[in-house]
Amino acid sequence: MDSLQTRLLGEDMGNYVVVTTTDTNEAGPTKPGAINGGFYGKAPDRPMQYPSVVIAVDDVERAAQKVVAAGGKMLGDPMEIPGVGQYVAFVDPEGNRVSMLQPLPRGPNAP
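Residues numbered from 1 in each chain as written. Predicted model: local features only at pLDDT ≥ 70, side-chain atom pairs only at ≥ 80, totals over all residues. Heavy atoms only, no water.

Visitor: Hey, could you run me through the environment of Gln65 in this one?
Guide: Counting through the fold element by element, Gln65 comes out in helix α1 (residues 60–69). Between the alpha carbons of Gln65 and Met13 there is a distance of 26 Å; along the sequence they are 52 residues apart. (Helix = DSSP H or I, 4+ residues; strand = E, 2+ residues; numbered from the N terminus.)

Structural data, given as structure tokens:
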């Protein structure tokens with residue numbers, strides 16, 4: 001693929017736009033250094049609205065506990081992004097807004 005594709009998830013998903021820039025497999029992007037992502041529109045009830053890094057984690061609840069134990073602050077509870085996984089944003093101990101995602105299993109054996 002290696003070309004830009006966008007997909008609007010719709011109003012029930014906050015009009016999130018998924019942006020795919022490279023092919024992926026079970027391990028993620030197939031091209032080293034390539035990323036995929038997406039965007040929400042701005043809304044007055046969402047904190048710290050600017051682009052941020054999303055870190056893949058194996059267990060979003062356990063990772064959130066580590067963030068808080070290290071002095072960070074969660075920005076809400078993990079939410080399910082259908083077909084993607086569990087997502088939550090946080091502020092790290094240095095004040096940076098970051099997010100984490102526990103992705104759904106991918107590949108031929110995924111549910």
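Visitor: Honestly, the sheet that holds strand β5 (residues 37–39) in this entry has me stumped. Any pointers?
Guide: The strands making up a sheet associate through backbone hydrogen bonding, with each pair oriented either parallel or antiparallel. If you walk across this open sheet you meet the three strands as β1-β2-β5, and the pairing is antiparallel. The two strands at the open ends of the sheet, each matched to only one other strand, are β1 (5–8) and β5. When the angles between neighbouring strand axes are averaged without regard to direction, this sheet yields 25°. Two elements, strand β2 (residues 17–20) and β5, share three bridges in a ladder whose sense is antiparallel. Considered in β5, the bridge of Val17 is made with Phe39. (Pairing = 2+ DSSP bridges. Axes fitted to C-alpha atoms, helices over the stretch in contact; angles between N-to-C directions.)

Visitor: Is there a simple way to think about the nonpolar core in this case?
Guide: A general feature of soluble globular proteins is that nonpolar side chains tend to end up buried together. Core analysis: the largest hydrophobic core is formed by 10 residues, namely Val57, Val60, Ala63, Ala64, Val67, Met74, Val88, Phe90, Val98 and Met100. Broken down by secondary-structure element, the contributors of at least two residues to this core are α1, β9 (85–91) and β10 (97–103). Per-element tally for this core: the top contributor is α1, with four residues. If sequence neighbours within four positions are ignored, Val67 has contacts with Gly72, Lys73, Met74, Phe90, Val91 and Met100. Within the second largest apolar cluster, five residues are counted, among which are Ile81, Tyr87, Ala89 and Leu101. (Core = buried A, V, L, I, M, F, W, Y, C linked by side-chain atoms within 4.5 Å. Buried < 20%, exposed > 50% of the residue type's maximum accessible area, 1.4 Å probe, protein only. Contact = heavy atoms within 4.5 Å.)

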